[in-house]
Amino acid sequence: MFDLIIIGASAAGVSAAMYAKRRNIHFLIISENIGGEVATSGEIENYLGFTHTDGIELSGKFKEQLKYHGIEVKEGNVEIIEQRDNFFIIQGKQNGSSLELETKVVLIATGVHPRELSVTGEKEFRNKGLSYCTVCDGPLFKDKIVATIGGGNSGLESVLMLAQIASQCYLIQLGERLKGDEVLIEKVKNSPKIQIIYNARTKEIFGDTFVRGIRYEDTKSGGIKEIRVDGIFVHIGMVPNSSFIDLVEKNEFKEIKVNSLCQTSVPGIFAAGDVTDIPYKQISIAAGQGACAALAVVDYLNKLRV
Amino acid sequence: MTKSITIYSTPTCVYCRAAKDFFKEHNITYTEYNVAADSERVKEMVEKSGQMGVPVIVITDEDGKEEVVIGFNKPKLEELLSIA
């Protein structure tokens, strides 16, 4: 039986793992990948200690640090957490085969994933011109016409990156105003390659073998309009990866509720990072919460032993 | 049996980097096409894989038969390259 199983290996999970290792806890860290959403981020200029880095470089640093501490991340997927009297059973898959592990404490650091539009054609055209990661797939659309859906910071960064690559860019915003940082909004408005479409509710992604265009509702006039594009990048927010666990209390956004010690509503289950109800989702905050959670786990385990 | 490996990638794709690290780890030589810079290779990649996500890894055996792996599918690559 493990003392602790950490689920997720991005900022929160890796931070927690390091602290757990240095406290000699018998633990395991399991994750689908190392880096999560950090790895697919673009430029990062506000992470402590790094004047300028990017998602690939920073998640690479996480890997280096894990290696330095002799921590191996088990590659796998957790599907179920069951509670017994004084321990938990974790069930999942690793390389197609089943996995079952026992642990006294669980730390959930599973982060978030991109929200889908939930419109016709979205599933059909995924990877056929529709993407949720501009950093990953943007470069394939050199000299093409593209659209970014979403006017928050991710969307603004997306369209600014695409303006360097594509021949023409649209930014499609549901409401009347763009929502991100002023600095980015200014850059977008000043770019001759970017056309902003406000009050647009995406209705359909259409095409043949690949994407050909977007149909949207003009929410002011009520009419349906169409634009022809070769590529679509969806950046409409993030959804917590919390559907695999029902034991703990979540808020209306399905984020796991935690207190200042990263404890959830169930003794023995902790959570850290973007999957929690912390209102600000930042790498720095996730790293901090991971460290806090690990130390709180140590105290919890020590009390169990008494 | 020597198979030849080709990877279609972009410089900012983290799974492409993971695939290349995997090849290096196992001393596997590969040819890399940067599809961000080469639109002909984009077409080629799209024809072979039917989609536009990177990485696309093509493993060709001595007879010229091609196996296309979409994304960094580690178990599939291990199977095709006979890695334990």
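First, a word on what this report is: a plain description of the structure on this page.

Calculation rules
Residues numbered from 1 in each chain as written. Chains lettered and ligands numbered in written order. Predicted model: local features only at pLDDT ≥ 70, side-chain atom pairs only at ≥ 80, totals over all residues. Heavy atoms only, no water. Contact = heavy atoms within 4.5 Å. Buried area = accessible area lost by both parts, 1.4 Å probe. Salt bridge = Lys/Arg side-chain N within 4 Å of Asp/Glu carboxyl O. Polar contact = N/O pair within 3.5 Å; in protein donor to acceptor, adjacent residues only side chain to side chain. Patch = residues over 30% accessible without salt bridge, like charges linked within 9 Å, V, L, I, M, F, W, Y side chains within 5 Å. Areas by Shrake-Rupley, 256 points an atom, 1.4 Å probe, with all protein chains shown as cover. Lys, Arg positive; Asp, Glu negative; His and termini not counted. Charge placed at Lys NZ, Arg CZ, Asp CG, Glu CD. Helix = DSSP H or I, 4+ residues; strand = E, 2+ residues; numbered from the N terminus. Buried < 20%, exposed > 50% of the residue type's maximum accessible area, 1.4 Å probe, protein only. Pairing = 2+ DSSP bridges. Axes fitted to C-alpha atoms, helices over the stretch in contact; angles between N-to-C directions. Disulfide = S-S within 2.5 Å. 1 Å grid on protein atoms, 1.4 Å probe; cavity = no way out; pocket = protein on both sides within 12 Å on 5 of 7 lines; lining within 4 Å. Points joined across faces, edges and corners; volume = space filled by probe spheres on them. Core = buried A, V, L, I, M, F, W, Y, C linked by side-chain atoms within 4.5 Å. Left-handed = near helix turned anticlockwise from the far one by under 90°. Nonpolar A, V, L, I, M, F, W, Y, C, P; charged D, E, K, R; others polar. Expected span 1.5 Å × (residues − 1). Arc of directions from axis to C-beta.

**Examining the interface of chain B and chain A**
Often, the extent of an interface is quoted as the loss of accessible area on bringing the components together. Across the boundary between the two partners, chain B contributes 19 residues, which contact 19 residues of chain A. Around 1,600 Å² of area is buried between chain B and chain A when both sides are counted, 63% of it from carbon and sulfur atoms. On the chain B side of the contact with chain A, Thr12(B), Val14(B) and Met52(B) bury the most area, a combined 36% of that side's loss. At the junction of chain B and chain A, the tally comes to one salt bridge. In this structure, Glu75(A) engages Lys74(B) in a salt bridge whose closest nitrogen and oxygen atoms are separated by 3.0 Å. Taken together, the connections running from chain B to chain A amount to five residue pairs in polar contact (both at pLDDT 80 or more).

**A closer look at a negative patch on the surface**
Residue and element names in this part refer to chain A. Where like charges cluster on the molecular surface, the negative patch consists of Glu43, Glu45, Asp54, Glu57, Glu157, Asp181, Glu182 and Glu186. With respect to the helices, strands and loops of the structure, Glu157 is situated in helix H5 (residues 153–163). Taking the relative accessible area as the measure of exposure, Glu157 reaches 45% and is therefore partly exposed.

**Brief notes about the sheet that holds strand E4 (residues 66–70) of chain B**
All names here are of chain B. The four strands lie next to each other as E2-E1-E3-E4, forming an open sheet whose pairing is mixed. Two strands in the sheet have a free side with no partner beyond their single neighbour: strand E2 (31–34) and E4. For this sheet, the mean angle separating the axes of adjacent strands, direction not counted, is 20°. Across the face of the sheet, helix H1 (residues 14–25) comes into contact with strand E1 (4–9), E2 and strand E3 (56–60) while running at roughly 155° to E1.

**Describing the state of the cysteines**
Residues and elements named next belong to chain A. Counted under the stated rule, the structure contains two disulfides over all chains. Here Cys133 pairs with Cys136 through a disulfide, and the sulfurs are 2.1 Å apart. Its S-S torsion of approximately 75° makes the covalent link between Cys133 and Cys136 right-handed. Grouping residues by exposure puts Cys133 and Cys136 together as buried.

**Focus on the environment of Gln94(A)**
Residue and element names in this part refer to chain A. With respect to the helices and strands, the residue Gln94 is situated in strand E7 (residues 88–94). Residue Gln94 is classed as partly exposed on the basis of its relative accessible area, which comes to 24%. Taking the C-alpha atoms as reference points, Gln94 and Ile30, separated by 64 residues in sequence, lie 9.6 Å from one another.

**What about the layout of surface pockets?**
Volume-wise, the second largest pocket comes out at about 270 Å³. Lining the second largest pocket are 15 residues; nearest its centre among them are Lys144(A), Asp230(A), Val42(B), Val46(B) and Met52(B). Those elements that provide at least two residues to the lining of the second largest pocket are strand E15 (211–218) of chain A together with helix H2 (39–49) of chain B. A total of four residues in the lining of the second largest pocket trace back to one element, the largest contributor, which is H2(B).

**Describing the nonpolar core**
In terms of nonpolar packing, the biggest core is built from 36 residues, with Leu4(A), Ile6(A), Phe27(A), Ile29(A), Leu107(A) and Ile283(A) touching the most fellow members. Within the residue set of this core, elements represented by two or more residues are strand E1 (2–9), helix H1 (11–22), strand E2 (27–34), helix H3 (55–68), strand E8 (97–108) and helix H7 (283–305) of chain A. Look past the residues within four positions of Ile6(A) in its chain and what remains in contact with it is Gly13(A), Ala16(A), Ala17(A), Phe27(A), Leu28(A), Ile29(A), Ile30(A) and Leu107(A). Within the second largest apolar cluster, 30 residues are counted, among which are Leu162(A), Ala166(A), Leu184(A) and Val56(B).

**Digging into the packing of H5(A) against helix H6 (residues 182–189) of chain A**
Residues and elements named next belong to chain A. Taken N-terminus to C-terminus, the directions of H5 and H6 make an angle of 35°; their axes are 10 Å apart at the nearest point. For the crossing formed where H5 meets H6, the hand is left-handed. Contacts between H5 and H6 involve Asn153, Leu156, Glu157, Val159 and Leu160 on the former and, on the latter, Leu184, Ile185, Lys187 and Val188. The residue makeup of the contact of H5 with H6, split by class, is six nonpolar, one polar and two charged.

**Let's talk about empty space enclosed by the protein**
Tallied over the full model, the rule gives one cavity of 30 Å³ or more. In this structure, the largest cavity encloses a volume near 40 Å³. Taken together, Asn127(A), Lys128(A), Gly129(A), Leu130(A), Ser131(A), Asp137(A), Phe141(A), Met52(B) and Gly53(B) make up the full set of residues lining the largest cavity. Classifying every residue of the lining of the largest cavity gives three nonpolar, four polar and two charged.

**Re H3(A)**
Residue and element names in this part refer to chain A. Its 14 residues place the ends of H3 20 Å apart at the C-alpha level, agreeing with the 20 Å of an ideal helix rising 1.5 Å per residue. Listing the buried residues of H3 in full gives Gly55, Ile56, Leu58, Ser59, Phe62 and Leu66. Sitting at the amino-terminal end of H3 is Asp54, which places a side-chain oxygen 3.1 Å from the backbone nitrogen of Ile56. Where H3 ends, the next residue or the one after it, Gly70, has phi of about 70°, a positive value.

**Considerations on the pattern of salt bridges**
Inspection of every chain in the model, using the stated rule, returns 21 salt bridges over all chains. Within this structure, Glu204(A), Arg215(A), Glu226(A) and Arg228(A) form a network of salt bridges that share partners.

**Remarks on the environment of Val239(A)**
All names here are of chain A. Relative to the helices and strands, Val239 is located in strand E18 (residues 238–240). Once the C-alpha coordinates of Val239 and Ala293 are considered, the two residues, 54 residues apart in sequence, prove to be 22 Å apart. Every residue in contact with Val239, bar those within four places of it in the chain, is listed here: Val112, His113 and Arg115.

**With respect to H6(A)**
Residue and element names in this part refer to chain A. For H6, the set of buried residues is Leu184, Ile185 and Val188. Considered in projection along H6, the buried side chains sweep an arc of 100° and stay on one side of the axis. Residues of H6 that are exposed and point more than 90 degrees away from the buried face comprise Glu182 and Val183. Its buried side turned inward, H6 meets H5, strand E12 (168–172) and strand E13 (194–197).

Remember that the coordinates give geometry; whether it matters functionally is a separate question.
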